[in-house]
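Breakdown of the fold
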Amino acid sequence: MIKKTISLTAEGKKDLEAELDELIKSRPMIAERIATARAFGDLSENEEYSSARNEQKIAERRILEIQEILKNAKVIRGGKRTKVDLGALVSLDLGGRKLEYTIVGPTEANPLEGKISNESPIGKALLGHKAGETFDFNGRKVKVINIQ
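Owing to the predicted nature of the structure, the values given are computational and were not obtained by experimental measurement.

Before going further, it helps to examine the environment of Met 29. As for its placement among the helices and strands, Met 29 is situated in helix α1 (residues 10-38). Each C-alpha atom, one on Met 29 and one on Ala 52, is 9.8 Å from the other, the two residues being 23 residues apart in sequence.

On to the nonpolar core. Among soluble globular proteins, nonpolar side chains are generally buried collectively. Counting residues in hydrophobic clusters, the biggest one holds 16 residues, and the most contacted among them are Val 84, Val 90, Leu 92, Leu 126 and Val 144. Broken down by secondary-structure element, the contributors of at least two residues to this core are β3 (89-94), β4 (97-104), α3 (121-126), β6 (134-137) and β7 (140-147). Ignoring sequence-local partners within four residues, the contact set of Val 84 consists of Val 90, Ile 103, Leu 126, Leu 127, Gly 128, His 129, Val 144 and Ile 147. The next biggest cluster of nonpolar side chains, apart from the first, holds 15 residues, and it includes Leu 20, Ala 52, Ile 69 and Leu 70.

Another aspect to go through is the side chain of His 129. Structurally, His 129 can be placed in the loop between α3 and β6. Apart from residues lying up to four places away in sequence, His 129 is in contact with Lys 83, Val 84, Phe 135, Val 144 and Ile 147.

Turning our attention to the pairing of β6. Residue alternation in β6 divides its side chains into a buried set, Phe 135 and Phe 137, and an unburied set, Thr 134 and Asp 136. In terms of strand pairing, β6 meets β7 through four bridges, oriented antiparallel. By the bridge assignment for β7, Thr 134 is matched with Lys 143. Following β6, the chain reverses through two residues before pairing antiparallel with β7; Asn 138 in that reversal takes a positive phi of roughly 50 degrees.

This next bit is on the sheet that holds β7. Strand order in this open sheet of five strands is β5-β4-β3-β7-β6, and the pairing throughout is mixed. Of all strands in the sheet, those bounded by a partner on one side alone are β5 (115-117) and β6. Averaged over neighbouring strand pairs, the angle between their axes works out to 45 degrees when direction is ignored. The pairing of β3 with β7 spans five bridges and is antiparallel.

Turning next to the pairing of β3. Note on strand geometry: in a regular strand, side chains alternate between the two faces of the sheet. By the criterion of burial, β3 is predominantly enclosed, with five of the six residues buried. Of the pairings in the sheet, the one linking β3 to β4 comprises six bridges and is antiparallel in character. By the bridge assignment for β4, Leu 89 is matched with Thr 102. Hairpin connection from β3 to β4: two residues lie between these consecutive antiparallel strands, with Gly 95 at a positive phi of about 60 degrees.

Our focus in this paragraph is the layout of surface pockets. One number sums up the size of the largest pocket: a volume of about 170 Å³. Broken down by element, the residue count for the lining of the largest pocket peaks at four residues, all from α1. Among the residues making up the lining of the largest pocket, the classes are represented as two nonpolar, three polar and six charged.

Each value, and the rule that gives it
- Residues numbered from 1 in each chain as written.
- Predicted model: local features only at pLDDT ≥ 70, side-chain atom pairs only at ≥ 80, totals over all residues.
- Heavy atoms only, no water.
- Helix = DSSP H or I, 4+ residues; strand = E, 2+ residues; numbered from the N terminus.
- Core = buried A, V, L, I, M, F, W, Y, C linked by side-chain atoms within 4.5 Å.
- Buried < 20%, exposed > 50% of the residue type's maximum accessible area, 1.4 Å probe, protein only.
- Contact = heavy atoms within 4.5 Å.
- Pairing = 2+ DSSP bridges.
- Axes fitted to C-alpha atoms, helices over the stretch in contact; angles between N-to-C directions.
- 1 Å grid on protein atoms, 1.4 Å probe; cavity = no way out; pocket = protein on both sides within 12 Å on 5 of 7 lines; lining within 4 Å.
- Points joined across faces, edges and corners; volume = space filled by probe spheres on them.
- Nonpolar A, V, L, I, M, F, W, Y, C, P; charged D, E, K, R; others polar.

And the structure:
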């Protein structure tokens, strides 16, 4: 099986490591909740037990997911950029609206935080463009104002 390299910013990697640390630290608390709920008796109708077991499953699944991401992570280097690529902070004029996005890998993408994936339609369209260039995206004029 071929492992896919996952591109992360240094900040994204740090955030995932912190989340992993918190999840690992939560294990004893979850185990204690399960043990306490188990002491209540009949597990088939014990909502506390079911809830604690579900929380444990979610946490363990996320731990495995983060460990896999970090194992295959490649940190995107910062520095001066002359064209849009992974890790770039891009200022745009999109049909008269000024927008700012950081181009990240799909794992970190969160448009509400201004982080768009290099695999998203606009992310793909931006890649390789230089500051000052204008191009058409879905019938709208997009100008790359600045790249950091």
